[in-house]
Each structure stands twice: as structure tokens, then as C-alpha cells.
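# Architecture at a glance
What follows is each chain in one-letter form.
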Amino acid sequence: MISFSPTEEQQMIVSMTKQFANDEMRKIYRECDENEEIPTSVIDTAWKMGLTSSSIPEDYGGSGGEHSAITGSLIGEELAWGDLSMTMHILCPALFAYPVLEMGTDMQKKKYLPLFCNEQYKAATAALIEPYFGFDPYSLSTTARPDGNGYVLNGEKCYVPLAAEADLFLVYAAENGSSKAFIVEKGTNGLEVGEREKNMGIKALATYELSLKNCRIPKENRLGSENGCDFSRIMNCSRVALSAMATGVAKAAFEYSRDYAKDRVAFGDPIASRQAIAFMLAEIAIEIDATRLMTWEAAWRLDRKEDATKEASLVRAYADDMVMMATDRAVQILGGHGYVREHPAELWLRNGRGFVTFDGMAIV
Amino acid sequence: MIDFEPTPEQKEAVKVAHEFARELFRPVSRYYDEQEHESPQELIDKTWGERNKGTLALGLDVTASLRIEELCWGDAGLFLCVPGPGLGGAAIFASGTKEQLQRFLGSFNEGEPKWGAMAMTEPGCGSDTSAITATATRDGDEWVLNGEKIFVTWGKRAAENPGGLVVVWATVDKSAGRAGMKSFVVPAKTSGMRVEKLEKKLGIRASDTATLIFDNCRIPFENILGSAEVKKVDKSQTKGFKGAMATFDATRPIVAAMAIGVGRAALDFVKETLEKEGITIQYGIPKQKLTALERDVIEMEANFKAAKLLTLRALWMMSQFQPNNLEASMAKAKAGLAVTKITQKAVEIMGPLGYSRKYLLEKWMRDAKINDIFEGTGQINMLIVARRVLDYSRDQLK
């Protein structure tokens, strides 16, 4: 039955996440952006909330909750409202854990999933994006060549979050032209983590270039073994996660610019009392809600194990535009104040533009 | 639980409505567009028959939204000919007493086809409904109505077919402003109410849009909706006006659902035409690899989906008895504009096929535009959204 109300359990998770975002992330996000660093303490606090381990089955040490894309979307939005860099850092291990959970063999699950159920944050990541114009996840330049009892990986990756500290990498590569995922452990010969990248936004998130030079991995490290993985589903889970986070960033920008507009007086009245400003805010509010509902619908399809390519692609494209519009207008509404780093609007604009680039950097 | 799966009953409702749209609406769509103001009698009789069976019942819920989308996929102008209590009924639901509901709507579905209209707009006031000049004067056990109402959707059918009704907004005390504004139920064929003219329009030409004149039109005292008392408590918080606004919370998502039906008709036409040409829209490919055409279609589809989900939410809230003033206006503003743009873009993409009256696409573009105008223009709805999100009164944000 068509319904727009989250379950009680989801509402509890939302309120817990919201509180964390407000009490922890919002206190330090500017500092993190300026220093290009996130304190370990905040990551550890978030990890203890069990956002990743809660959907890992008890057999592997998790709490055995349902793995739901809708719940993931709700969490993604709330966290991203707090701060996008921290959100991506906190949820980074899921880039590895969730594909293994959904598509790994029993062996792979048994070997890797328990690592994500400890008290201590487990850095793991995924490498999808490649540093070329015209990058297409379905037509990767990185290759995986079967060779004897294993695969040989070759290629260049970029925007790999936490590559320097990660023990586990899920590397996406073309095998006979189709994109598949391969598990590469830290220290494998030929796996080289490059310099930390310098980006326009998400500055507090450490991302790296990664190169694979004749990097040999055993046969059983192909995600899903002989069956391989459902790459489209992974992409759709990523699109949904990014759309949810874009909604959160837009909501942050909306709330801040709304409050500013009510406070800022020009020509005797708050600028929010002028339609030129008020209508911008109204449009942002409408588009945020629309994006959220579209995200939920795509997530709902994922939860039903149906093909969500259409819904997920549509909402991703919509969300990319929406978050740009919302964050740009937030800066515009604040005027000169929006341009200075004393206010967060410019930070959200820089982060907002990134969503078009962030393929595979978040997952539900 | 967040869920987007219609119930089996809703799926059946969609199927039935779609059949009607395809078999009863589409074949005569062009004819009644060209023959403006000619009554589609067969369609009226058939839909009236169905109405009594409940298969086309239009409540204020998700099912109604789904049904309306299908029927307007068929033809929005013809949809506005389907008999029923309509906007007049919505006004009575929103602010009438139980006794009034029973008296005016209790046997509405019996006998011959009937319509219920709402008369609010005047030559001198549209969106600013508080500026209404029509008057209602008490005379013993009666109200005497005087004034001119324009743009009354299905006004002629409601005023002239026995058993129908027109809900008229008039002031009982001009000096009281909004507080003096009340609504009155005028039964069809009441003397003193007459149809002055029918508008010739850009689109939805099958639907009659009437000017109604009230010239010493007498109705029973108990036909006033809500209290007759004029309470000048607070200029912005008055019950008569609130009644009108509560009506809009119900009718705006309905108009949004209409828009969505028209938008889908245009989108379906574009996609079917492209398919015949061997062009299929692929989803999930990177932006830089999309053609301009694919970008356009994807943008249309995304906006369509955005509008549809906002509309379903507004009606779902209504069915849950949750206040939906903000969400109703969001849906209306988004759907009205999105579908206006979608149909205009569709005509552009289809080129000579889009512009030709040989096909229905150009008609849908003309039909779509009304959804960004009636039940509050896009701008009025944006204003309402803005006031709500800013928590501003009408005096703080004009």
C-alpha cells in the first residue's frame, strides 16, 4: 500500500543519526574542512552507533538487522546534513562490506564480514573512478585478466577514499569488457597508493589515486566468485546513496539560508519578506522533498530486489542538479556573506558540485 | 512503512480507468476539442453509470489520484465533463455540517447526471479571493445573492441540470474583510442564477467554463456553509476564508493529479514515437555520453516523477487526516509547472508531429497549461509554500 511514513524503527535510527549530526558533526565541520582532517574520535563515536554492522547477519558477528536501502537513504540524508566529508568517511567501510554482504560467496562473507563487526573502526574502501575525461563505470580502463589461478589487474584509479589506511579494497575492473569487482588486500604486489588528492570540496575526506600494476590476486577474490557481482545493482545502490546525501546537503543549505533571510534586514524588512528571495526558498523546499521521495522510491525498488536502474538514474541526475541549485542559491541569498568562509554556504556549494563526480563513493 | 506498491484494488481501479480513457475518451478527444462546448453525451452517460457502481469514484485519496491520472491521460477536458459533486462537493466536504452533507450530497449519485461547481473568481479578483465583491444579504429566512462570477469550471452543467449545485463565495459584510466572506450552496435552476456566457479557451475546450450572474438570487438561510456569524478576531485568521483554503488543500492535489495525466500522455507519445524510430532511452549512462535528446527526455521523466510523488504524498496525507496545506501547494506548484514544461518540450522534440492537429500532442500542450493556473496559479502556490517554510503570515510575506 502506497505510504510515505518510515517505520518506528527507522524513525528511531533517524532521530539518533540526526542528533549525532547536530551534536558532533556540526560542531567541527568547518575546522575539518580547513584542516583537511577528521578527528578519529568522531569517527569512532559514529562507528559505535553500528550503522554498518547492524545489517550484517549474526552468523558473521553483526546484529542481524535487515539490510535496507530505504533505511540507508534515511541515514545518508541525516548524516550528510551534518557534514558530507565525515559522512563519506564514516560510511566508507560499507563500500567494501555491502557488496560482499549482498553478492559475496559464503567464503568471502565468512572471511571479511566479521572484520566490520568489531568495536574498532575498520577502514576498507572501493576503487571505481578513473582519472580520464569521459569516465564511464560500464566501460572501465582498468582491466582484470584471468591468469592461471588468479587475475591480473592493471589500471589507474582516483577518488579512492581512505586508500592510505584501508586494509581491504574492492577494485572495479573490466573483465572481457564488463565491469566486475575484485577484492585486493593491502600489501598485494603492484597495488600502489598515490598522493592524497586535493579537491574543491569534501576536503576533510582523504581520497587518493591508486595504481594497479600487474597486481595479481587469487581467483577466489573475484566478488561472487564464478557468478561475479551484479554491477548494475551496485551502481544503483550508489546512486540512491548519493541522492540521499545530496538531499541532506541541500537541506542544510536550505535551512541556513532560510534562517539568514529571516534575520537579515534590508530596506527596513527581512529579505525573506521579498518574493525574489522567498520564492527561491520555496523552490528549494519543493525540490528537496521531490528528490527525497524519488530517492525513497528507488530505494524501495532495491529493497524488493528489483531492477532499479531507471528510478536510481533518474533520481541521481535530478539530485545532482537539485543540490547544485540549492547550494548555489544559498550562497546567493547570503550575498557577500555567502562567499566568505565565515559562513558554511560556500562549503556546501563546493561539496554539492561534487555529487556528479562521486560515482561509487557511497552505497546503501 | 515507506511503500510505493498500489493495493490490488488500486491496480484494478487504474486498469478500469485506463480502459475508459483509451476507449471512451481518446477516440473523441479531438472532436470535442474542435467542437468547443458541444456536450459529450455518450461519455457523460457512461461515466455517470460507472460512478454509481463506484468504479470511477473520486474521493480524496491515493486511489483518486491514480484514477484521475488515467482519465486525464485520456483527455483532461473530457475528464472535466464527468458528472459528480466536483469542486462544489469538495467545498461542502471541507466546511459543511453533517446535515448539509446529507441534504446536498446524500442523493447526488441518484437519477440523472449532476454536477457541482464552485464559483469564486470574479472579473476583478482572481488569486486574491478575499477581494470578492459578490454580496449575500439576509432577508428573513433567506439569503439574497448578487454579483458576477467568472471562470466557473463546469458552471453551465452545474447551474442548469436539475439536482446540481453551485457553491458561491460572497461577502455578508464588506467592512469585515475576510471575516465577512462566506460560501453558499445554490441549487441548480434557482431563479436569479443564470449563465451569462461560456469562455473560449486555449485548451480543455470540452469543459465548459462559465460566467454566472446572480441577480437577487434567493436561497434558504440554512444553505450557508459554516457559521453565519462574522467574527472579527484577527484579520488573517477567519473561519469563512479558512473554509475556502481548506477546500484548496483538497482540490490542489487533485489538479496536480490531472496535470500528471496530461504529462504522461505527452511522455508516452514521445517515447512511443522514438521507439518506432529505433531510439530507446537508456538509463544509467554517463551524462557526457547522452545525446541532447536523451538528456531532454530524462529530464522530462525525472520532473514527471517528482511531480507525481509529491502529488501522491499530498493525497496520502489527506487520507491519513494529516494537515497537508504545505504539501498540497508543493504538489500543485510542481505539477502545474513541470507538466507545462514537459508538454512544451514534447512538442519541440516531435517537431512537425508535435505541432500538427493530426495528433493529440499539441492539444495536450494546450490542455496542460490550465493546471498551472486554476486552483491557484503556480505563483500563488509558491507564495503559500514560501509562507509555510518561512513561518510567515500573509502580512509578513505579501
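Fair warning: this is a prediction, and the values are worked out from it, not measured in the lab. (Residues numbered from 1 in each chain as written. Chains lettered and ligands numbered in written order. Predicted model: local features only at pLDDT ≥ 70, side-chain atom pairs only at ≥ 80, totals over all residues.)

With that settled, consider the overall build of chain A. Along the backbone of chain A there are ten helices and nine strands. Over its C-alpha trace chain A gives a radius of gyration of 20 Å, about what one expects of a compact globule, namely 21 Å for 364 residues. In terms of principal-axis extent, the alpha carbons of chain A reach across some 75 × 45 × 40 Å. For chain A, the proportion of its 364 residues judged to be buried stands at 56%. Within chain A, contacts between residues separated by at least 24 positions form 76% of all contacts whose residues are at least 6 apart in sequence. (Helix = DSSP H or I, 4+ residues; strand = E, 2+ residues; numbered from the N terminus. Rg over C-alpha atoms; globule rule 2.2 N^0.38 Å. Buried ≥ 20, exposed ≤ 12 C-beta atoms within 10 Å, placed from the backbone. Contact = placed C-beta atoms within 7 Å.)

On to the overall build of chain B. If you tally the helices and strands in chain B, you get 13 helices and eight strands. A globule of 398 residues ought to have a C-alpha radius of gyration of about 21 Å, and chain B, at 21 Å, matches this closely. Projected onto the principal axes, the alpha-carbon positions of chain B cover approximately 75 × 50 × 40 Å. Looking at the 398 residues of chain B, the share that counts as buried comes to 53%. A separation of at least 24 residues holds for 77% of the contacts in chain B among residues at least 6 apart in sequence.

What follows deals with the domain arrangement of chain B. Residues and elements named next belong to chain B. Partitioning chain B into domains gives domain 1 (8–84), domain 2 (88–232) and domain 3 (240–390). Computed from C-alpha atoms alone, the centre-to-centre distance between domain 1 and domain 3 is 19 Å. At the interface, 17 residues of domain 1 touch 19 residues of domain 3. Where the side of domain 1 that touches domain 3 is concerned, the elements lending two or more residues are α1 (8–34), α3 (62–74) and α4 (76–79). At nine residues, the largest contribution of residues to the side of domain 1 that touches domain 3 is made by α3. Here the side of domain 1 that touches domain 3 is built from residues that sort into nine nonpolar, three polar and five charged. (Domains from an automatic or database assignment. Nonpolar A, V, L, I, M, F, W, Y, C, P; charged D, E, K, R; others polar.)

In a soluble, globular protein the nonpolar side chains are often hidden away together inside. Membership of the largest hydrophobic core comes to 260 residues, with the highest contact counts inside it found for Phe182(A), Leu281(A), Leu145(B), Val166(B), Val168(B), Phe184(B) and Val385(B). Each residue touching Val385(B), except ones within four places of it in the same chain, is listed here: Ala282(A), Ala285(A), Ile286(A), Leu326(B), Ser329(B), Met330(B) and Ala333(B). (Core = buried A, V, L, I, M, F, W, Y, C linked by C-beta atoms within 7 Å.)

When the pLDDT values of chain B are averaged, the result is 92; 96% of them are 70 or greater. Interface confidence for the predicted complex, given as ipTM, is 0.95, next to a pTM of 0.95. (pLDDT = per-residue confidence, 0-100.)

With that settled, the discussion passes to the interface of chain B and chain A. With 34 residues of chain B at the interface, the matching set in chain A holds 35 residues. Of all the secondary-structure elements, those providing two or more residues to the side of chain B that touches chain A are α9 (292–319), α10 (325–350) and α13 (378–390) of chain B. Looking at which element gives the most residues to the side of chain B that touches chain A, the answer is α9(B), with ten residues. Partitioned by chemical class, the residues of the side of chain B that touches chain A number 23 nonpolar, four polar and seven charged.

With that settled, the discussion passes to the pairing of strand β4 (residues 168–175) of chain A. Residue and element names in this part refer to chain A. Among the eight residues that make up β4, six are buried, leaving the element largely enclosed by the rest of the structure. When strand β1 (residues 124–127) meets β4, the two strands line up parallel, connected through four bridges. Each residue of the ladder has a partner; that of Ala127, found in β4, is Val171. Inspection of the sheet shows β4 paired to strand β5 (residues 178–185) by eight bridges, in the antiparallel sense. Opposite Glu175, over in β5, you have Ser178 as the bridge partner. (Pairing = 2+ DSSP bridges.)

Quick reminder: α-helices carry 3.6 residues per turn. Residues three or four places apart thus point the same way. Relative to the 48 Å expected for 33 residues at 1.5 Å per residue, helix α6 (residues 231–263) of chain A spans 48 Å between its end C-alpha atoms, a close match to the ideal helical length. The element α6(A) is extensively covered by neighbouring structure, given that 26 of its 33 residues are classed as buried. (Expected span 1.5 Å × (residues − 1).)

All names here are of chain A. Assigned domains of chain A: these are domain 1 (8–117), domain 2 (124–227) and domain 3 (231–354). Between the C-alpha centres of domain 2 and domain 3 the distance comes to 31 Å. Every contact between the two is made by six residues of domain 2 and, on the other side, six residues of domain 3. Of the residues in the side of domain 2 that touches domain 3, the class split is three nonpolar, two polar and one charged.

A few words now on the pairing of strand β4 (residues 165–171) of chain B. When a strand is regular, its side chains alternate between the sheet's two faces. All names here are of chain B. Along β4, seven of the seven residues are buried, which leaves the element largely enclosed by surrounding structure. Residues Leu165, Val167, Trp169 and Thr171 of β4 are buried on one face, and the alternating residues Val166, Val168 and Ala170, pointing to the opposite face, are buried as well. Direction of pairing for β4 relative to strand β5 (residues 181–187): antiparallel, over a ladder of seven bridges. Looking at the pairing, Trp169 lines up with Ser183 of β5.

On to the packing of α6(A) against helix α8 (residues 309–334) of chain A, then. Residues and elements named next belong to chain A. The geometry of α6 relative to α8 is characterised by a closest axis approach of 8 Å and an angle of 20 degrees between their N-to-C directions. The angle between α6 and α8 falls in the class roughly parallel. For the pair α6 and α8, the crossing hand works out as left-handed. Grouping the amino acids of the contact of α6 with α8 by side-chain chemistry returns 19 nonpolar, eight polar and four charged. (Axes fitted to C-alpha atoms, helices over the stretch in contact; angles between N-to-C directions. Parallel < 35°, antiparallel > 145°, perpendicular 65-115°, else oblique. Left-handed = near helix turned anticlockwise from the far one by under 90°.)

We now examine helix α3 (residues 69–82) of chain A. Taking 1.5 Å per residue as the helical rise, α3(A) with its 14 residues ought to reach 20 Å, and the 20 Å between its terminal C-alpha atoms agrees with that figure. Along α3(A), 14 of the 14 residues are buried, which leaves the element largely enclosed by surrounding structure.

With that settled, consider the environment of Ala119(B). Residues and elements named next belong to chain B. Secondary-structure assignment places Ala119 in strand β1 (residues 116–119). For Ala119, a count of 33 C-beta atoms within 10 Å gives the class buried. As a C-alpha pair, Ala119 and Gly155 span 36 residues in sequence and 7.8 Å in three-dimensional space. Setting aside residues no more than four positions away along its own chain, Ala119 makes contact with Lys149, Val152, Gly155, Val166, Val167, Val168, Trp169 and Leu212.

Trans peptide bonds make up most of the peptide bonds, and negative phi angles are found at most residues other than glycine. Of note in this structure, Phe267(A) is not a glycine but carries a positive phi near 55 degrees. Positionally, Phe267(A) belongs in the loop between β8 (265–266) and β9 (269–270). According to the C-beta neighbour criterion, Phe267(A) is exposed, with 7 such atoms within 10 Å. Phi at Lys189(B) is positive, roughly 70 degrees, even though this residue is not glycine.

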